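Fold and contact review
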Amino acid sequence: MASATDNMLILCNVLSATVILACLVLKVPQISAVVKQGSSKGLSLNSVLLELWSYSTMLTYHYAMSYPLPTYLEYAFLVPQDLVLLTVVLHSRGSLTTKTIPLFSLYAVVCYALAFRLVPDLVLTACISVVAPVSMSSKLLQILSMVSTKDAGTVSATTWALATFCTLARSITTLVQTGDMAVLLNFAVSFSLNVAMTTIIIFYRVKKPKKE
């Protein structure tokens, strides 16, 4: 008969697999909305940038610390999707120029240095320690953008609903499998703000009057 510990590990493996599957397409609804409408109305560029930084830090930190792959594999899918989202947002605003190439190159160099521990561990610790406030700031900027305009614009409710589930599931797997409190704090904060984000998007979608 399986012990409670074995059952928890099975649950974590199921949750991890579900999160990874969800994250394969997490940003697709948002990317599709921007491409389809040719506009990034409602989306905060600063929010996207901060989210990319947060996801990239989580990916490189977990890899550098040699944590079990299932506990962070979704970031290997989220980072490229966020890069695509950033690209289409910049393009929709006419800001995607050759001047952005050095910035993308610098981003790649920094990620490589963190992932392969080419920097002191103190830097890794500092980066993961500020992921929670950076992630929180990213979501707050998006929330403020919608509240100030009273319009969700092209912000995808599907993307944020999936993100809500993923952060809840990851809170559980982190608590059971690694016990890393810095990572757990990030997921807990992200879950709370994702709930708020999804609620606000749905509220403005329902509230918005239909065109005649």
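Our subject in this report is the structure included herewith. (Residues numbered from 1 in each chain as written. Predicted model: local features only at pLDDT ≥ 70, side-chain atom pairs only at ≥ 80, totals over all residues. Heavy atoms only, no water.)

On to the side chain of Ser 44, then. Within the element layout of this structure, Ser 44 appears in the loop between α2 (28-37) and α3 (45-64). Dropping the residues within four chain positions of it, Ser 44 is found in contact with Leu 141, Gln 142 and Ser 145. (Helix = DSSP H or I, 4+ residues; strand = E, 2+ residues; numbered from the N terminus. Contact = heavy atoms within 4.5 Å.)

The subject of this paragraph is unusual backbone geometry. The phi torsion at Ser 66 lies on the positive side, around 60°, for a residue other than glycine. By the secondary structure assignment, Ser 66 is in the loop between α3 and α4 (74-92).

What follows covers a nonpolar patch on the surface. Nonpolar side chains collect at one region of the surface, where Met 8, Leu 9, Leu 11, Leu 168, Ile 172, Leu 175 and Val 176 lie side by side and expose about 530 Å² of accessible area between them. Those elements that place two or more of their residues in the nonpolar patch are α1 (4-23) and α8 (157-177). For Met 8, the position within the fold is in helix α1. (Patch = residues over 30% accessible without salt bridge, like charges linked within 9 Å, V, L, I, M, F, W, Y side chains within 5 Å. Areas by Shrake-Rupley, 256 points an atom, 1.4 Å probe, with all protein chains shown as cover. Salt bridge = Lys/Arg side-chain N within 4 Å of Asp/Glu carboxyl O.)

Our next topic: empty space enclosed by the protein. Applying the stated rule across the entire model yields 3 cavities of 30 Å³ or more. Here the largest cavity defines a volume of roughly 190 Å³. In terms of lining, the largest cavity is formed by 20 residues, of which the most central are Tyr 55, Tyr 75, Leu 78, Thr 167 and Phe 187. At the level of elements, α1, α3, α4, α7 (131-149), α8 and α9 (181-207) are the ones that each hand at least two residues to the lining of the largest cavity. A breakdown of the residues in the lining of the largest cavity according to their chemical character gives 9 nonpolar, 7 polar and 4 charged. Taken as a whole, the second largest cavity holds about 70 Å³ of empty space. Forming the walls of the second largest cavity are Lys 27, Gln 30, Leu 43, Ser 47, Val 48, Glu 51, Leu 85, Ser 138, Gln 142 and Trp 160. Broken down by secondary-structure element, the contributors of at least two residues to the lining of the second largest cavity are α3 and α7. Considering each element in turn, the lining of the second largest cavity owes the most residues, 3 residues, to α3. (1 Å grid on protein atoms, 1.4 Å probe; cavity = no way out; pocket = protein on both sides within 12 Å on 5 of 7 lines; lining within 4 Å. Points joined across faces, edges and corners; volume = space filled by probe spheres on them. Nonpolar A, V, L, I, M, F, W, Y, C, P; charged D, E, K, R; others polar.)

With that out of the way, let us pick up the pattern of salt bridges. Applying the stated rule across the entire model yields 5 salt bridges. A salt bridge links Glu 51 to Lys 27; the shortest N-O distance between them is 2.7 Å. Residue Glu 51 is located in helix α3, and its partner Lys 27 is located in the loop between α1 and α2; the two are separated by 24 residues in the primary sequence. Both residues of the pair, Glu 51 and Lys 27, belong to the buried class. Here the salt bridges share partners, and the residues they tie into one network are Lys 27, Glu 51 and Asp 82. (Buried < 20%, exposed > 50% of the residue type's maximum accessible area, 1.4 Å probe, protein only.)

Such coordinate-based values are descriptive only and should not be taken to indicate function.
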